[in-house]
Amino acid sequence: MPWNLIPKTLNADQPAPHLADYAAARATFSWADARAELAGLPDGGLNIAFEAVDRWVATGQGNSVALRWLGKKGERRDFSYAELARLSNQFANSLERLGIRPGDRVCVLAGRIPELYITALGTLKAGAVFCPLFSAFGPEPVRVRLANSRARVLVTTSLLYQRKVQALRPVLPDLASVLLTDSDNDEPGLHAFHALLDAESDHRPLPCTQPEDWALLHFTSGTTGAPKGAIHVHEAVVAHRWTGRMALDLRPGDIYWCTADPGWVTGVSYGIIAPLTNGATLVVDEAEFDVRRWYAILEQERVNVWYTAPTAIRMLMKAGPEPARGLDLRALRFMASVGEPLNPEGVVWAVETLGQPFHDTWWQTETGAIMIANYRSQDIRPGSMGRPLPGIDAAIVQRRPDGSVDFPMPGEEGELALRVGWPSMFRAYLDDEPRYQQCFAGDWYLTGDLATCDADGYFWFVGRNDDVIKTAGHLIGPFEVENVLLEHPAVAEVGMIGKPDEFAGQIVKVFVSLKPGYAPGDTLRKELIGFARTRLGPAVAPRELEFIDDLPKTRSGKIMRRLLRARELGLPLGDLSTLEGES
Ligand code: WT7
């Protein structure tokens, strides 16, 4: 079944694909050429926000719509490129007024509101580092990220501030200024976002960032330890623009909708930077997923390119064909998906229901941009992530005990690896050089994903080689979840796994053993889940909790989540004697 191709017939009314001939594009491509398409700055400088907005103003396209904001309550507001350039100038000037220096971290904790986009662009212009925090995070993930990033400024709303940040201020000495988007407040350390901007000029000298200056900080999870802060530099914009063009087929004037939240990397790389650097109009919907609303946006906004996620696709499938009946999607040229495996059924369903397939793309926080994709001009192999972009070398490798890698035969499973040297590769994990170094073997970056590659060079996702899980496309690490539950007086030990779920892909499930004197029961289960929700937020907290007498552990005391997973799925537990010694 996965080998069945979905052949492509290109609509003659639509513009020809940017990537027409895959082999030729790979053979002739160079990152230097991709870089030369950018405007750049004097003396070799480069700035993501300048490439995203100001360059279009400079070339006379300042009046075209950069951002079309659709509010929860039906509001609709357009921001032209020129307007975004001015507002982000005012924000950058405000940062300087607040004493922010290049390299300082500016965090945002907000839903998809216009101020988030202004903050991102203004921060980059000021040479500071933009760090988005997902608004559905509870106080604990927010605290860890604000503390570890040593954020100097936070942009947020009054409600999120009161609920998640205010009580933390005493333990966040670096956080000098909080800017509220919806308040007139002005007191030391707490300012009104709009009043602050209004007091500033909307002009600024050209940014003075260099390509290797830090620009973006995205927290991501591993099996152990606190979340890792992946650092990206301004040079990444070369990949953002190029992959937007080649993998998403973006072009100036496109109406483009990326449904990802900018609290995660997709919502920044492809929810802000790629569309703007390609001169498109970015549709931003503030509201949460809703079948009819989403179809209405596609139709009424005449979306040309749509980038979404398998969880959303499964929800649309669940709603059945009726809400899609009679939709006029003639404007829709290209649909793509990312973040978790895209089931072949989803690709086929889309052809039947929406008249065209989804194109799977693969990448991760560390890669900064799409690395592997199915292209508009190429036949699709449903179930495959596709083939590497021009400029990207991908391979399946097996780690040897000495740290070097082997290349197995085509079709054999191994770890997906990428040859280093693409512009949006992360440059560091914040304050954790050893962990960064562990990601590399010689010339290869090891992704932590297990995959296979067929004889034609198509990559197929198999799973992760660690204990992080994906729920509704969001990456969750066991460390944060388990740590919070361990703070509850009843909990002795806890192990987190991803439990397969029809819609979310996986849900967070925890196994808990109790301290003496506590008895398992429904009341305690609810209390523990409630406790975790309050601390972690609904996006991260476990949906299921099971009591268990003893958690399986290695001799060194590490919880073997693999065995918990096997137990959940009813799989054989394997040879326990060999696993015992695992570290
Ligand atoms: C992990 C990265 C994708 C960028 C935003 C999320 C999984 C990603 C696919 C895909 C199967 C996928 C991988 C990857 N993943 N795309 N097309 N098929 N799995 O970035 O939060 O760092 O997650 O998402 O496991 O390593 P992230």
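Please read these numbers as outputs of a predicted model, since none were measured by experiment.

Visitor: Even after reading the chapter, I still don't get the domain arrangement of the protein, so can you show me in this structure?
Guide: Frequently, the measure chosen for interface size is the accessible area removed from exposure when the parts meet. Partitioning the protein into structural domains gives domain 1 (22-450) and domain 2 (470-569). Placing the centre of domain 1 and that of domain 2 at their C-alpha centroids yields a distance of 30 Å. On the domain 2 side, the residues contacting the 24 residues of domain 1 number 23 residues. A combined buried area of about 1,700 Å² lies between domain 1 and domain 2, and 61% of that area is made up of carbon and sulfur atoms. On the domain 1 side of the interface with domain 2, the three residues burying the most area are E140, W264 and R314, jointly 24% of the side's total. Here domain 1 and domain 2 share two salt bridges between them.

Visitor: What am I meant to see in the layout of surface pockets here?
Guide: Space inside the second largest pocket adds up to approximately 440 Å³. What lines the second largest pocket is a set of 22 residues, and nearest its centre among them are T9, R333, G355, Q356 and P357. For the lining of the second largest pocket, the element with the most residues is helix α13 (residues 344-354), which contributes three residues. When its residues are assigned to classes, the lining of the second largest pocket shows 11 nonpolar, seven polar and four charged.

Visitor: Before we go on, may I ask you to explain empty space enclosed by the protein in this structure?
Guide: A water-sized probe rolled over the atoms picks out the places where empty space is left. As enumerated under the stated definition, the model contains three cavities of 30 Å³ or more in all. In this structure, the largest cavity spans a volume of roughly 60 Å³. Every residue lining the largest cavity is listed: F137, R145, F219, T220, S221, W264, L475, I476, G477, E480 and V540. Partitioning the lining of the largest cavity into residue classes produces six nonpolar, three polar and two charged.

Visitor: Would you mind going over the sheet that holds strand β12 (residues 305-308) with me for this structure?
Guide: In a beta sheet, neighbouring strands pair by backbone hydrogen bonds and run either parallel or antiparallel. Ordered by their spatial adjacency, nine strands build an open sheet running β2-β1-β11-β10-β12-β13-β14-β15-β16, and the pairing between neighbours is mixed. Looking at strand neighbours, the two that pair on one side only are β2 (76-80) and β16 (387-388), the edges of this open sheet. Sitting on the sheet, helix α11 (residues 291-300) touches β1 (65-70), β10 (255-258), β11 (281-285) and β12, and the angle it makes with β11 is about 160°.

Visitor: Would you mind going over the confidence of the model for the protein with me for this structure?
Guide: As a note on interpretation, predicted positions should not be read in detail where pLDDT is low. Per-residue confidence for the protein gives a mean pLDDT of 95; residues scoring 70 or more make up 98%. Here residues 578-583 is modelled with pLDDT under 50, and outside its nearest four sequence neighbours on either side it reaches 14 contacts, counting other chains as well.

Visitor: Teacher, can you tell me more about the packing of helix α3 (residues 48-58) against helix α10 (residues 265-277) here?
Guide: Two measures define how a pair of helices packs: the angle their axes make with one another and the distance between the axes. For the pair α3 and α10, interaxial distance at closest approach is 8 Å and the crossing angle is 45°. Between α3 and α10, the interaxial angle falls into the category oblique. Between α3 and α10 the crossing geometry is left-handed. For the pair formed by α3 and α10, the contact residues are I48, E51, A52, V53 and W56 on the first element and I273, L276 and T277 on the second. For the contact of α3 with α10, the residue count by class is six nonpolar, one polar and one charged.

Visitor: Would you take a moment to explain the sheet that holds strand β28 (residues 544-547) for this structure?
Guide: Taken in spatial order, the three strands of this open sheet run β26-β27-β28, and their pairing is mixed. Each end of this open sheet is capped by a strand with a single partner; those strands are β26 (491-501) and β28. Strand-to-strand, the axes of this sheet are offset by a mean angle of 25°, without reference to chain direction. For strand β27 (residues 505-514) and β28, the ladder comprises four bridges, and the chain directions are parallel. Considered in β28, the bridge of F511 is made with E546. The sheet contacts of helix α16 (residues 522-536) involve β26, β27 and β28, and relative to β28 the element is tilted by about 135°.

Visitor: Would you mind going over unusual backbone geometry with me for this structure?
Guide: Most peptide bonds are trans, and most residues other than glycine sit at a negative phi. Its identity is not glycine, yet R150 carries a phi of approximately 50°, on the positive side. By the secondary structure assignment, R150 is in the loop between α6 (139-149) and β5 (153-156). Among the residues examined, R150 registers a relative accessible area of 38% and is labelled partly exposed. Backbone geometry at A472 places phi at a positive 50°, although glycine is not the residue there. Tracing the backbone shows A472 in the loop between β24 (469-471) and β25 (474-476).

Quick notes on the rules
Residues numbered from 1 in each chain as written. Predicted model: local features only at pLDDT ≥ 70, side-chain atom pairs only at ≥ 80, totals over all residues. Heavy atoms only, no water. Domains from an automatic or database assignment. Contact = heavy atoms within 4.5 Å. Buried area = accessible area lost by both parts, 1.4 Å probe. Salt bridge = Lys/Arg side-chain N within 4 Å of Asp/Glu carboxyl O. 1 Å grid on protein atoms, 1.4 Å probe; cavity = no way out; pocket = protein on both sides within 12 Å on 5 of 7 lines; lining within 4 Å. Points joined across faces, edges and corners; volume = space filled by probe spheres on them. Helix = DSSP H or I, 4+ residues; strand = E, 2+ residues; numbered from the N terminus. Nonpolar A, V, L, I, M, F, W, Y, C, P; charged D, E, K, R; others polar. Pairing = 2+ DSSP bridges. Axes fitted to C-alpha atoms, helices over the stretch in contact; angles between N-to-C directions. pLDDT = per-residue confidence, 0-100. Parallel < 35°, antiparallel > 145°, perpendicular 65-115°, else oblique. Left-handed = near helix turned anticlockwise from the far one by under 90°. Buried < 20%, exposed > 50% of the residue type's maximum accessible area, 1.4 Å probe, protein only.

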